[in-house]
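Structure assessment
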Amino acid sequence: MGCWLIPYASLLSVLFVCSTVTAQYQYGSHVSSSRWISSTTRRPYTQDTYGYYYRQPYRCRESNLQYDCIFYDVSIGPYAQQPVHFGYDDVALNRQKNITFKNSTLRRLPESLLSAFREVEVLDLTDLQIDTIEERALSNGYHLRQLYMGFNNIRYLPSSSFFYMQSLSELVLDRNQLTSLPEGIFLRTPNLSALSIANNKLERIEDETFKLNHALQHLRLSGNKLTHIDLSLIAGLFYGNVSTNQLTTLAIPPAVVQLDASHNRINQVTGAINDQLEELRLEHNNLTDTAWLLNYPNLVDLDLSYNELEKLTHDHFAKMQRLERLYLSNNRLTILNLKSAPIQTLQILDLAHNHLLYVESNQNQFEVLKQLYLDHNSIVTLKISAGNALETLTLSHNDWDCKNLRALLPNVSHRLESDDNDVNCKPDYQLEHNLCCKESDGPYLDRLIQYIHLTSSAEKLQRAERRCSPTDAISSVQGLFTYMSYVGSGVQLNPRLQAEINELQSEIRNLTSVQTQQEQLLHGLQTEIDDNLRRYRVTKDPLVPHSQNLHKVIAHLKSRQAFKLQESSNRQSEAERKQQEVETLEQENVRLQNELTDKTAKQNQIKQETTLKRNKVKQLEAKKNRNPDTRRITK
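Residues numbered from 1 in each chain as written. Predicted model: local features only at pLDDT ≥ 70, side-chain atom pairs only at ≥ 80, totals over all residues. Heavy atoms only, no water.

Strand order in the open sheet made by the three strands is 26-28-27, with mixed pairing throughout. Each edge of the open sheet carries a strand with a single partner, namely strand 26 (400-401) and strand 27 (430-432). The pairing of strand 26 with strand 28 (residues 435-438) spans two bridges and is classified as parallel. When the bridges of strand 28 are listed, D401 appears paired with K438. (Pairing = 2+ DSSP bridges. Helix = DSSP H or I, 4+ residues; strand = E, 2+ residues; numbered from the N terminus.)

A word on the environment of P57. You can see P57 is positioned in the loop between strand 2 (53-55) and strand 3 (69-72). Overall, the relative accessible area of 11% leaves P57 in the buried class. Separated by 30 residues in sequence, P57 and G87 have C-alpha atoms that sit 6.0 Å apart. (Buried < 20%, exposed > 50% of the residue type's maximum accessible area, 1.4 Å probe, protein only.)

On average, residues of the chain score 83 in pLDDT, and 83% of them reach the 70 mark or higher. Contacts for the low-pLDDT stretch residues 1-43, under 50 throughout, to residues beyond four places or in other chains number 23 contacts. Predicted confidence is poor over residues 47-53, with pLDDT under 50, and the contacts of this stretch with residues over four places away or in other chains come to nine contacts. (pLDDT = per-residue confidence, 0-100. Contact = heavy atoms within 4.5 Å.)

Attention now goes to the pattern of salt bridges. Oppositely charged side chains are able to pair whenever their charged atoms sit close together. If you walk through the whole model with that rule in mind, you get 27 salt bridges. Notably, a salt bridge pairs E134 with R108, separated by 2.5 Å at the nearest N-O pair. Pair noted here: E134 is in the loop between strand 9 (132-133) and strand 10 (146-148) and R108 is in strand 7 (residues 108-109), with a separation of 26 residues, a long-range link. With a closest N to O distance of 4.0 Å, R136 and E111 form a salt bridge. (Salt bridge = Lys/Arg side-chain N within 4 Å of Asp/Glu carboxyl O.)

Shown next as structure tokens:
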């Protein structure tokens, strides 16, 4: 009886386990067994009604407060080798609205995902290594409101990708490999309000791209290679970010409130009057003018640092009634004129790293500020009364007059930054209260005489080296020809002289052409030097030739190279040290291996000896058993 029960009991247990696993697989029950996880990862094949084999469908394994469907361990290759199925065959059971993936790789986004889950409103496909999107992969996203596809490898979007997404309001495509957007890709997304395609490789945004996206309010295109985008065509834009691109012109939208166009090559700003713009970032560009500021009277935060501005006057700020922060550091400012009527709302003014010399006319503006940065200029004198509102002030690295500095410090010394100090002073200068200054009766006259002396010395050096200016030579020849034409208009010239004149004219044209080419080349080199100065944060000296500034850049790069070489040397030493450790461990390993081999051989020898002795014992026992007398005695 017991022999019959055992097989039946085993069979029943097997059937019970199989049925339990099947139920858990179908209804998504949580199973902690490692055997169950490994079996689901392999995903066995099943045959459909047409005779095709496909992997068993991926189904939701978990949910949380944010997502009611979380897929785990989904793996889809880049090519359509086998059909991929999601959810249940009965679409009515796939009612989840917020879907995401974990521990998954989708090299290809299949059509079957949204074919099964047609009520999805939030779909998170972030960081799934997606390369390809099937032509109709998103065609069933009628109810999709939020689609996140950032941190993938998408190089191309089908033109019909969002064609059926009437409800789409938020789309994120950051950190992909997109180089362009298909024409009309957003024409059927009227509710799109937030779009982010940052850190891709986009080169142009055509003017028709957002033609029908009247709801678009947030646009982020930073970190691309854009050379063209007309933001003014997006009438309802509230926030825009086109920083770190290659734009040369910025067209400001009519209703934007926050706009970041920093780290571009912008030299022209256009746009209609916008009284809603509050924050504008244009640092690290090529701006030379600020007249366009008149169109934006309600600016609160304006950053124009790291540009090419040389002059700043009150006329361009006359309409501003809300400006609080103005950043102008690292420009080429030589003129600052805010004397007419100070901007009463202005709290922070950063003028560091410019070429300012005379700023006393801005006293009224300076005294209403809370933070004023004047370090790294050429300022000689400054007047600030004791009743100023300053909380922070920097004055180091200027050309102070000692008498003026002594009169100024009692009013501002408690406002100075603790680390705002001069260390080494030039000859004829002295250190007072950690600031370098020079004693002189006429400070500005003294600086002017010094500048003239430096200029004269440079001219004498050029004459001593017999440098010839091609411009002077061409001008002289042209003047001679004009004079001859004027004087000899009624006189018959000698044919030989006329031939020489014609030859000179031809030479003039050739020299003019060569001069133009050389000037263009020189201008390009100077621009490149200026770009490198800004790029490597090297302070430019305007009183010296570009070649000397280039030497400063080269010296900076050499110091960086020396640092890198030293760092490489240190890492090489560390690598050699680790290599030595590895070799030592390998030798120790070899020694231990040899020792193990010896002990193994000795163990085998002992086993052989033991076997021989056991055989001998057995032989003796057999001999003993064959002798009856001996067997009787041993009992």
